[in-house]
Amino acid sequence: MSEYGVMLAEKQKAKYTYGVLERQFRNLFESAAKADGITGEVLLQSLECRLDNVVFRLGIAPTRAAARQLVSHKHIVVDGQVVNIPSYSVKPGQVVGVREKAKSLEVIEAALAGFNHSKYPWLEWDENTKSGKLLHKPERADIPENIKEQLIVELYSK
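Notes on the structure follow.

Reading guide: rules and limits
- Residues numbered from 1 in each chain as written.
- Predicted model: local features only at pLDDT ≥ 70, side-chain atom pairs only at ≥ 80, totals over all residues.
- Heavy atoms only, no water.
- Helix = DSSP H or I, 4+ residues; strand = E, 2+ residues; numbered from the N terminus.
- Rg over C-alpha atoms; globule rule 2.2 N^0.38 Å.
- Buried < 20%, exposed > 50% of the residue type's maximum accessible area, 1.4 Å probe, protein only.
- Contact = heavy atoms within 4.5 Å.
- Areas by Shrake-Rupley, 256 points an atom, 1.4 Å probe, with all protein chains shown as cover.
- Lys, Arg positive; Asp, Glu negative; His and termini not counted.
- Charge placed at Lys NZ, Arg CZ, Asp CG, Glu CD.
- Core = buried A, V, L, I, M, F, W, Y, C linked by side-chain atoms within 4.5 Å.
- Pairing = 2+ DSSP bridges.

Our next topic: the overall build of the protein chain. Assigned secondary structure in the protein chain consists of 7 helices and 5 strands. Traced from its N-terminal end to its C-terminal end, the protein chain shows the element sequence α-α-α-α-α-β-β-β-α-β-β-α. Radius of gyration (C-alpha) of the protein chain: 16 Å, near the 15 Å computed for a compact globule of 158 residues. Each of the three principal axes of the protein chain carries a C-alpha extent, and together these read 50 × 30 × 25 Å. Taken over 158 residues, the protein chain has a buried fraction of 46%. Relative to all contacts within the protein chain whose residues are 6 or more apart in sequence, the contacts with residues 24 or more apart total 58%. A total accessible area of about 8,500 Å² is found for the protein chain, and carbon and sulfur atoms account for 52% of it. Charge-centre separation for the protein chain: the mean point of 22 positive side chains lies 6 Å from the mean point of 20 negative side chains.

So, in C-alpha cells, the structure goes:
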C-alpha cells in the first residue's frame, strides 16, 4: 500500500471507530489544528469528549452506536438537562447521567451490570445516581484506541 493509502486507512479507522462522518471529522480536525497543543492529541481528546463516546465509556451503553441511540432518544442528561445531540462536547466537570424515566431500561441495566467503572482515569462513576463525571480531558496514553493520530495529521496537511 502507498504512504497515502496508509494515512487514509488510519483516518477511516478513526472515523469508523468513533462513528463520525467525513464532514464532522474534518471540522473536528480543523478546530484541533487551531487549538493549543499537539493537533493529533487534541483531535483524539475532542473525539473522546463527544457525548455519545462518554456514554459508551461510562458503560451506560454496550457500543458507541447504542450510546448514540440512547442520546438521540433523550435518555441521557448532562448536568440535569436532557441533551439529544450525540456530537455534544462534554466539558470537564460536567455530569452525564441516565434520565430518571430511563434508569429501568433493560439495555442500560444490562450494560451497567457487567462493566468495570474504574477503567478510565478521566471519568468518575456514581453508582447511586447512575451518573458519571468527566474529570479532565484524557491524556493520549489513557486513550485505549489503537489510532496513529500522526498519520491523520499528515494526511490533512497535504
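Attention now moves to the nonpolar core. Within the largest apolar cluster, 26 residues are counted, with the highest numbers of intra-cluster contacts made by L51, V55, I60, I76 and V96. Those elements that provide at least two residues to this core are α4 (51-57), α5 (64-72), β1 (76-78), β3 (95-98), α6 (106-113) and β4 (123-126). With sequence-adjacent residues up to four places away left out, I76 is seen in contact with L51, V55, I60, L70, V71, Q81, V82, V83, V96 and G97.

Looking now at the pairing of strand β5 (residues 131-134). Of the pairings in the sheet, the one linking β3 to β5 comprises 3 bridges and is antiparallel in character. Paired with G97 across the bridge in β5 is S131. As paired elements, β4 and β5 share 4 bridges and run antiparallel to each other. Looking across to β5, one finds that W125 is bridged to G132. In sequence, β4 turns back onto β5 through a hairpin of 4 residues, with K130 there showing a positive phi of about 50°.

Among the 10 residues that make up helix α3 (residues 39-48), 9 are buried, leaving the element largely enclosed by the rest of the structure. Residues of α3 that are buried: T39, G40, V42, L43, L44, Q45, S46, L47 and E48. Contacts from the buried residues of α3 go to α1 (3-18), α2 (22-34), α4, α5 and α7 (149-156).

The next point concerns the environment of K158. Mapping K158 onto the fold places it in the segment after α7. Judged by relative accessible area, K158 falls into the exposed class, the value being 65%. Taking the C-alpha atoms as reference points, K158 and Y4, separated by 154 residues in sequence, lie 9.7 Å from one another. Setting aside anything within four residues of it in sequence, one finds K158 in contact with Y4 and M7.

Coordinates in, geometry out; function isn't part of it.
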